[in-house]
Amino acid sequence: QGKGLFATKNIRKGETVFVERPVVSSQFLWNALYNYRACDHCLRALETAEENAQRLLGKSSLVLPHPEQCSIRKDLHQQCPRCQVTYCSAECRQAALEQYHQVLCLGPSRDDPTHPLNKLQEAWRNMHYPPETSSIMLMARMVATVKQAKDKEWWIKAFSQFCSKTANEEEEIVHKLLGDKFKGQLELLRLLFTEALYDERLSRWFTPEGFRSLFALVGTNGQGIGTSSLSQWVHACDALDLPMLQREELDAFIDQLYKDIEKESGEFLNCEGSGLYVLQSCCNHSCIPNAETSFPENNFLLHLTALEDIEAGEEICISYLDCCQRERSRHSRNKILRENYLFTCSCPKCLAQADDADVTSDEEEEGEGETDDAELEDEMTDV
């Protein structure tokens with residue numbers, strides 16, 4: 001489960017433990033096909049709150065009150081002049097260019113299906129239908145980052161610290177990510193990855209063992225990233241100082257909006273991607289976590305917030321399971337954790353339930369397998 005992260009001072013409930021930028025991050029490939037528009041570097045939503053709500057509701061005539069509470073600045077958006085990838089700002093475009101985009105920019109070949117990078121992305125889409133639990137482009141950005149870096153060894157070491165799995169564990173997580181029916185296609189994916197990105201200095205990453213190692217890295221350490229301009233607008237509206245009647249009307253409007261969106265598109269409203277975070281990856285799991293991750297700035301900046309008072313020297317734990325999964329039996333929880341994170345939990349809750357029967361309830365048995373995977377793919381601690 002990693003080395004663990006421990007508080008260096010007393011932390012009060014609700015206090016931000018840290019704010020962290022990812023070492024590397026990437027949108028899921030299906031975002032573009034489904035018009036989930038986010039900055040290609042920081043994953044900030046590019047849609048206004050109104051556009052986000054219109055898409056999710058399937059109603060282009062929807063008008064949101066208080067449009068001034070939307071933080072999206074379309075006048076600041078910029079595109080790569082060669083491949084037209086969109087960023088939320090000149091700063092993000094430049095940051096991407098300096099870190100990895102020079103290697104990955106498709107230029108005029110953006111729509112060329114024979115380009116090696118396009119072949120790689122298309123193969124991944126065909127192997128891994130949404131919702132994605134990993135992204136081949138996160139691995140591609142790792143390679144591109146090293147290729148562009150002046151201090152290549154520093155970046156190689158930075159990425160290597162995330163991965164400490166044995167060969168058998170690596171193979172297991174690879175097969176879990178791709179699904180049993182895709183085991184035979186892993187070699188094809190590796191060959192396409194090699195054709196698109198091979199570099200002699202990273203040759204070990206392109207071997208069968210090294211390629212599995214990269215999958216193990218993103219599979220066990222990747223953090224899901226969720227951003228939503230609509231959620232940002234709602235939070236901004238909540239903070240408005242309004243007369244009581246206007247407040248009641250606005251709250252009723254928002255409540256009904258969420259109900260209507262849930263009927264049309266489901267509960268999950270975020271643009272999606274994944275990233276590798278040094279501090280977050282050190283956090284062990286607990287079924288009764290004392291901290292949680294969130295993305296309140298509508299970009300890839302991860303905030304870790306205390307759910308309860310944490311004393312200096314106490315371990316900071318997050319949950320790799322969602323709220324519903326944490327309420328299931330110890331057997332069910334550990335089944336999900338073993339299949340997706342390769343460990344058996346020994347948190348206080350699991351230890352207290354150690355004598356419980358290793359069986360699930362009838363309801364859990366019915367939902368076992370498919371439901372476990374579906375729930376986990378929506379969880380922000382999954383990648």
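Basis of the calculations
- Residues numbered from 1 in each chain as written.
- Predicted model: local features only at pLDDT ≥ 70, side-chain atom pairs only at ≥ 80, totals over all residues.
- Heavy atoms only, no water.
- Helix = DSSP H or I, 4+ residues; strand = E, 2+ residues; numbered from the N terminus.
- Buried < 20%, exposed > 50% of the residue type's maximum accessible area, 1.4 Å probe, protein only.
- Contact = heavy atoms within 4.5 Å.
- Areas by Shrake-Rupley, 256 points an atom, 1.4 Å probe, with all protein chains shown as cover.
- Expected span 1.5 Å × (residues − 1).
- Salt bridge = Lys/Arg side-chain N within 4 Å of Asp/Glu carboxyl O.
- Pairing = 2+ DSSP bridges.
- pLDDT = per-residue confidence, 0-100.
- Axes fitted to C-alpha atoms, helices over the stretch in contact; angles between N-to-C directions.
- Core = buried A, V, L, I, M, F, W, Y, C linked by side-chain atoms within 4.5 Å.
- Domains from an automatic or database assignment.
- Disulfide = S-S within 2.5 Å.

(A) Local environment of the overall build of the chain. A tally of helices and strands in the chain yields 17 helices and eleven strands. Here the chain, with 383 residues, has 51% of them falling under the buried criterion. In the chain, the share of contacts with a sequence separation of at least 24, taken over all contacts with a separation of at least 6, comes to 74%. When the accessible area of the chain is evaluated, it comes to approximately 18,400 Å², of which 49% is carbon and sulfur surface.

(B) Examining helix α5 (residues 136–148) more closely. Here α5 is 13 residues long and its end C-alpha atoms lie 19 Å apart, about the 18 Å a rise of 1.5 Å per residue gives. Those residues of α5 lying buried are I136, M137, L138, M139, A140, R141, M142, V143, A144, T145, V146 and Q148.

(C) Structural view of helix α2 (residues 49–57). Residues of α2 that are buried: A49, N52, A53, Q54, L56 and L57. Considering only its buried residues, α2 is in contact with α10 (229–238) and α11 (244–265). At the C-terminal side of α2, G58 shows a positive phi close to 65 degrees.

(D) How the structure looks around the pattern of salt bridges. Enumeration according to the criterion identifies eleven salt bridges in this entry. The closest approach of N and O atoms between K74 and E51, which form a salt bridge, is 2.7 Å. One end of the pair, K74, is in the loop between α2 and β4 (78–79); the other, E51, is in helix α2, with 23 residues separating them in the sequence. The exposure class of K74 is partly exposed, given its relative accessible area of 37%. Linking K119 and E195 is a salt bridge whose minimum nitrogen-to-oxygen distance equals 3.3 Å. Placement of K119 in helix α4 (residues 116–127) and of E195 in helix α8 (residues 186–197) is noted, with a sequence separation of 76 residues between them. Residue K119 is classed as partly exposed on the basis of its relative accessible area of 30%.

(E) Broad picture of the pairing of strand β7 (residues 271–276). Counting buried residues in β7 gives six out of six residues, a clear majority hidden from the surface. Of the two faces of β7, both are covered, the one formed by C271, G273 and G275 as well as the one formed by E272, S274 and L276. Relative to β7, strand β3 (residues 24–27) is paired through four bridges, and the arrangement is antiparallel. Residue pairing for β7: S25 is matched across the bridge by G275.

(F) Quick look at the pairing of strand β10 (residues 302–306). Among the five residues of β10, five are classified as buried, and the element is accordingly described as predominantly covered. On β10, burial covers both faces: L302, L304 and A306 on one face and H303 and T305 on the other are all buried. Where strand β2 (residues 16–20) meets β10, four bridges bridge the pair, whose relative direction is antiparallel. Bridge pairing links T16 to T305 in β10. Summarising the sheet, strand β9 (residues 291–294) and β10 pair through four bridges and their orientation is antiparallel.

(G) Representation of the confidence of the model for the chain. With 85% of its residues at a pLDDT of at least 70, the chain reaches an overall mean of 86. The weakest mean pLDDT in the chain belongs to helix α17 (residues 370–378) at 41; the strongest belongs to helix α3 (residues 90–104) at 97.

(H) Local environment of the sheet that holds strand β8 (residues 284–285). One open sheet holds the three strands; their spatial order is β1-β11-β8, and the pairing between them is mixed. Only two strands of the sheet have a single neighbouring strand rather than two, namely β1 (5–6) and β8. In this structure, β1 lies alongside strand β11 (residues 315–318), joined through two bridges in antiparallel fashion. Within β11, the residue paired with L5 across the bridge is I316.

(I) Region of interest: the sheet that holds β7. Taken together, three strands build an open sheet; the order of strands is β3-β7-β6 and the sheet is antiparallel. What marks the edges here is a single partner per strand, and that holds for β3 and β6 (223–227). Neighbouring strand axes in the sheet, compared pairwise and without regard to direction, differ in orientation by 30 degrees on average. As paired elements, β6 and β7 share five bridges and run antiparallel to each other. When the bridges of β7 are listed, I225 appears paired with G273.

(J) Region of the structure containing the nonpolar core. Judged by nonpolar contacts, the single largest core of 77 residues is most densely connected at I136, M142, L189, F193, L197 and W205. Split by domain, the residues of this core number at least three in each of domain 1 (5–21 + 277–354) and domain 2 (24–224). Not counting residues within four places of it along the chain, the set of residues in contact with F193 comprises L120, I136, M139, A140, V143, Y198, F206, F211 and L214. The next biggest cluster of nonpolar side chains, apart from the first, holds 18 residues, and it includes L64, I72, L250 and I254.

(K) Representation of the state of the cysteines. One pass over the full model with this rule turns up zero disulfides. Of all cysteine sulfurs in the structure, the one in C347 sits closest to C345, which takes part in no disulfide; the separation is 3.5 Å. The class for C345 is buried, based on a relative accessible area of 7%.

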